[in-house]
Amino acid sequence: MASNPANLWVLLGLGIAGILLMTKKFKKAIREDFGAFVQKLQLLPPPQPAPPKAPHPLTGLTFAVSDIFDIEGYITAFGHPDWARTHDAASKTSPVVSALVEGGATCIGKTVLDELAYSINGENKHYGTPTNPAVPARIPGGSSSGAAVAVAANLVDFSLGVDTVGGVRVPAAFCGVIGFRPSCGVVSHIGTLPVAESLDTVGWFCRDLNILCRVGHVLLQLPFAAQRSPKPIIMADDCFSLLKIPADRIAQVVIKSTEKLFGRQVLRHENLNNYLTSKVPSLKEFQSMETNGEVKNSSIRMLGNVLRYLHMREFKHNHEEWINEEKPVLEPAILAQIHEVPEASVIVKSIRNEMRSAINTLLKDDGILVIPTTAYLPPKLGAKEILSDDYQNCAFSLLSIASLSGCCQVTVPLGYHDKCPVSVSFVARHGGDSFLLDTVQTLYASLQEQADIISNSKLSSNTVSQEQSAEIAKEKGNQAFKEKQWQKAINYYTEAIKLSRKSATYYSNRAAAYLELGSFLQAEADCTKAISLDRKNVKAYLRRGTAREMLGYYKEAIEDFSFALVLEPTNKRASLSAERIRSLFQ
């Protein structure tokens, strides 16, 4: 029977309206991918030089920058809408950002950071806390949370952040990516908003070691130099005692790798607290001023207090006037701290000078200090432990070593413990950035190998229970899905995947939840993984087809629906979906 032309036009109009609606939803989903981005933009590199000149060193790479870097024509929001409201767009682009673009990389956006880049937690109530891709129920770490998340989620090849008191190191550790904090002063922070200038350093995140070094050569402007092996590699044993997980899970990875590559004679063990007590005498004066001589803390703990003091004092100097004038809504912890900063600048200056001399003397030109990046696994979102004295003291004690000495530090992921990322940090003397990059390049593959060996040796006896746990997590995800708690379902399916990465069902089920949230790129990626594990997974083809239709990949969507029909010829959903897309273009 012939169709009524008027009805056809109505149906076509409804179809187009639906596509436009879903496209709008898709754009929102893209903007909120893992909550990493504040703003999408595009800074394109210059054309490639003609042969025989070498191509740009960062050709083909994409990157993002924390919203603390100036980009011409855009307001630098500094993690707070009131800052954005009261400041004009930048008139120039940060030289660091320009150098990366001129080096061949494409900048695609600005990322979320803690409000006024103050905290190390990664939470932001104004723009939303970015989701930690490695463990979604836990904090991503800050202050450069969005930059770390963008890398961990594979949204960019690398990203820029500012490390003042751990702004690169902590989120790198919590999100399971590589983070590099260069020596203080070797990378310009012109065109970045100041947090605490004497501590601020421009750092970067990546997943790939080769990219870490390529970016390092551009930003550090390193000349060619022969690669040197580290000697000694110093394990700070008392720092590892701060860990809230078995210290051997990290220390043994480094020890085994060092012995394999350089021999046991290269290893040294040091009680850093005892060493610094003798080499940083001004700490005693600071401790007397802070506690009136009533309580004695270790030198490492006192350094953490010095770092917090210096951070608060310089932040207050930079931003107290704006805070008093604009009265922005700020975290209570920030307000409390900046209004109660004691005066101890002369002592702190002495401590910093003594610290740099002490660490440089310990490491000389070819030494590496090994410490945990953080003492705790990433805390759960909203967990009270973030505010506990022990959490804060442990965090700042470890972070103070490089921050106060001005030395360079790299955070290296070492797999997982209790389903959370773990890492180790290597520190080289101030100015030893090239040597530190070379050392990590030499050690990296062995570190990953040893991390896998240690992890597998502990997990092999639990293989059966892990598979059972994965199934339990999947069932919890199914229940959350039935109750339309999409994000909760995603978290459970993610847990199941981490426990067993060989199940197509887990990826396919998570894709279904992503579809409900309009996160079509994630849904497509999960379905592709499911199909690679099980070529006959009809649901994965149907869900990928739906995701591709919403993304506007109509040809690929029809192919997915058609393949589902080959596997299941009576599947009405596949048939109707394919016909619907074809009808729009006839």
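Use the structure listed above.
Residues numbered from 1 in each chain as written. Predicted model: local features only at pLDDT ≥ 70, side-chain atom pairs only at ≥ 80, totals over all residues. Heavy atoms only, no water.

(A) Seen up close, the overall build of the protein chain. Regarding its fold elements, the protein chain presents 22 helices and 11 strands. Expected size for 586 residues packed as a compact globule is a radius of gyration near 25 Å; at 26 Å, the protein chain falls within 12% of this value. On the principal axes, the C-alpha backbone points of the protein chain span a range of 95 × 60 × 60 Å. When the 586 residues of the protein chain are sorted by exposure, 54% land in the buried category. Restricting the contact set of the protein chain to residue pairs at least 6 apart, pairs at least 24 apart contribute 73%. (Helix = DSSP H or I, 4+ residues; strand = E, 2+ residues; numbered from the N terminus. Rg over C-alpha atoms; globule rule 2.2 N^0.38 Å. Buried < 20%, exposed > 50% of the residue type's maximum accessible area, 1.4 Å probe, protein only. Contact = heavy atoms within 4.5 Å.)

(B) Examining unusual backbone geometry more closely. Residue Ser143 is bonded to the preceding Gly142 through a cis peptide linkage, with omega at 10°. As for its position among the elements, Ser143 is in the loop between β3 (106-111) and α4 (145-152). Across the junction of Lys231 and Pro232, the peptide omega takes the value 5°, indicating a cis bond. Tracing the sequence through the fold places Pro232 in the loop between α6 (209-220) and β7 (233-236). If you check the backbone angles, Leu116 has positive phi at about 55° while not being a glycine. Among the structural elements, Leu116 can be located in the loop between β3 and α4.

(C) Inspection of the packing of helix α9 (residues 272-279) against helix α11 (residues 299-326) at higher detail. Running from N to C, α9 and α11 cross one another at 65°; their axes reach a closest spacing of 8 Å. The angle between α9 and α11 falls in the class roughly perpendicular. Of α11, the residues touching α9 (which contributes Leu272, Asn273, Leu276 and Thr277) are Ser299, Ile300 and Leu303. (Axes fitted to C-alpha atoms, helices over the stretch in contact; angles between N-to-C directions. Parallel < 35°, antiparallel > 145°, perpendicular 65-115°, else oblique.)

(D) Layout of the sheet that holds strand β10 (residues 408-417). With mixed pairing, 11 strands are arranged side by side in an open sheet as β1-β3-β2-β4-β6-β5-β10-β11-β9-β7-β8. In the strand order of this sheet, the two ends are held by β1 (37-43) and β8 (267-270), each with one partner. Neighbouring strand axes in the sheet, compared pairwise and without regard to direction, differ in orientation by 25° on average. Sheet topology places β7 next to strand β9 (residues 368-371); three bridges connect them, and they run parallel. (Pairing = 2+ DSSP bridges.)

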